[in-house]
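Each chain is listed here by its residues.
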Amino acid sequence: MIQAMSKITGRGQVQLPAEIRKVIGGEIGDTVLFTMQDDGKVVIEVIKKRKLSELGGSLKSSVAFTDLEHEANSTKEIWVNKRQKGTQ
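Computed from a predicted structure; not experimentally measured. Per chain, residue numbering runs from 1 following the sequence as it is written. Only residues with pLDDT of at least 70 get local features here, since the model is predicted, and only at 80 or more are side-chain atom pairs given and counted; chain-wide, interface and lining totals rely on the full set of residues. Hydrogen atoms and water are omitted, and side-chain values are computed over all heavy atoms in the structure.

A short note on the side chain of Asp30
Secondary structure elements are taken from DSSP: a helix is a run of H or I of four residues or more, a strand is a run of E of two residues or more, and numbering for both begins at the N terminus. Counting through the fold element by element, Asp30 comes out in the loop between α1 (18-24) and β1 (31-36). Under the scheme applied here, a residue whose accessible area is under 20% of the maximum for its type counts as buried, over 50% as exposed, and between as partly exposed, the area being computed with a 1.4 Å probe on protein chains only. Assessed through its relative accessible area of 15%, Asp30 is described here as buried. From its side chain, Asp30 meets the backbone nitrogen of Glu27 in a polar contact 2.8 Å long. Here Lys48 takes part through its side chain, which lies 2.9 Å from a polar atom of the side chain of Asp30. The contact criterion used is simple: two residues touch if any of their non-hydrogen atoms lie within 4.5 Å. Setting aside chain neighbours within four positions, we find Asp30 in contact with Gly25, Val46, Ile47, Lys48 and Lys49. Polar contacts, as used here, are pairs of N or O atoms within 3.5 Å; protein pairs need one atom able to donate a hydrogen and one able to accept it. Residues neighboring in sequence count only if both atoms are side-chain atoms.

Structure representation (structure tokens):
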């Protein structure tokens, strides 16, 4: 069992101690869920953020991905065309 202490700041914040953070794999951007049980104990769970690279392929598309530079140029072209239509 690992125990560590932390103080509550004036803004009501608590910093997770490093040894706990390492064990639970907590990283910047993760969400921490606090659950108060009926017996008064608090359970802390870490909800991992999803990395953008993990989302690749999660949406189906009939258009094949070429490369990042081509996609960026296509997006800029679409954006410019929409802006030009809006000013006419």
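So that's the structure; there's more coming.
Concerning the UniProt feature "domain: SpoVT-AbrB" (unreviewed entry) in the chain
UniProt positions are given in the numbering used here, feature names are shortened, and annotations may be inferred rather than shown by experiment. Within this structure's numbering, the places UniProt gives as "domain: SpoVT-AbrB" (unreviewed entry) are residues 6-52. Secondary structure content for residues 6-52 is 15% helix and 26% strand, and the end C-alpha separation is 32 Å.

Concerning the confidence of the model for the chain
Looking at the chain, the pLDDT average stands at 86 and 98% of residues meet or exceed 70. pLDDT measures the predictor's confidence residue by residue and takes values from 0 up to 100. Here helix α2 (residues 68-87) stands out as the element of the chain with the lowest mean pLDDT, 86, in contrast to β1, whose mean of 94 is the highest.

Brief notes about the pairing of strand β2 (residues 42-47)
Consecutive residues of a regular strand have side chains that alternate between opposite faces of the sheet. Pairing between β1 and β2: six bridges, direction antiparallel. Bridge assignment links Met36 to a residue of β2, and that residue is Val42. When DSSP locates at least two bridges between a pair of strands, those strands are taken to pair.

Here's the deal with a nonpolar patch on the surface
Taken together, Val32, Phe34, Met36, Val42 and Ile44 make up a surface patch of nonpolar side chains, about 480 Å² in accessible area. The element best represented in the nonpolar patch is β1, accounting for three residues. Structurally, the position occupied by Met36 is in strand β1. Only residues above 30% relative accessible area that lack a salt bridge enter a patch, with like-charged residues linked at up to 9 Å and the nonpolar side chains Val, Leu, Ile, Met, Phe, Trp and Tyr linked at up to 5 Å. Only the protein chains shown count as cover for residues, and the accessible areas themselves come from Shrake-Rupley with a 1.4 Å probe. We define a salt bridge as a side-chain nitrogen of Lys or Arg found within 4 Å of a carboxyl oxygen belonging to Asp or Glu.

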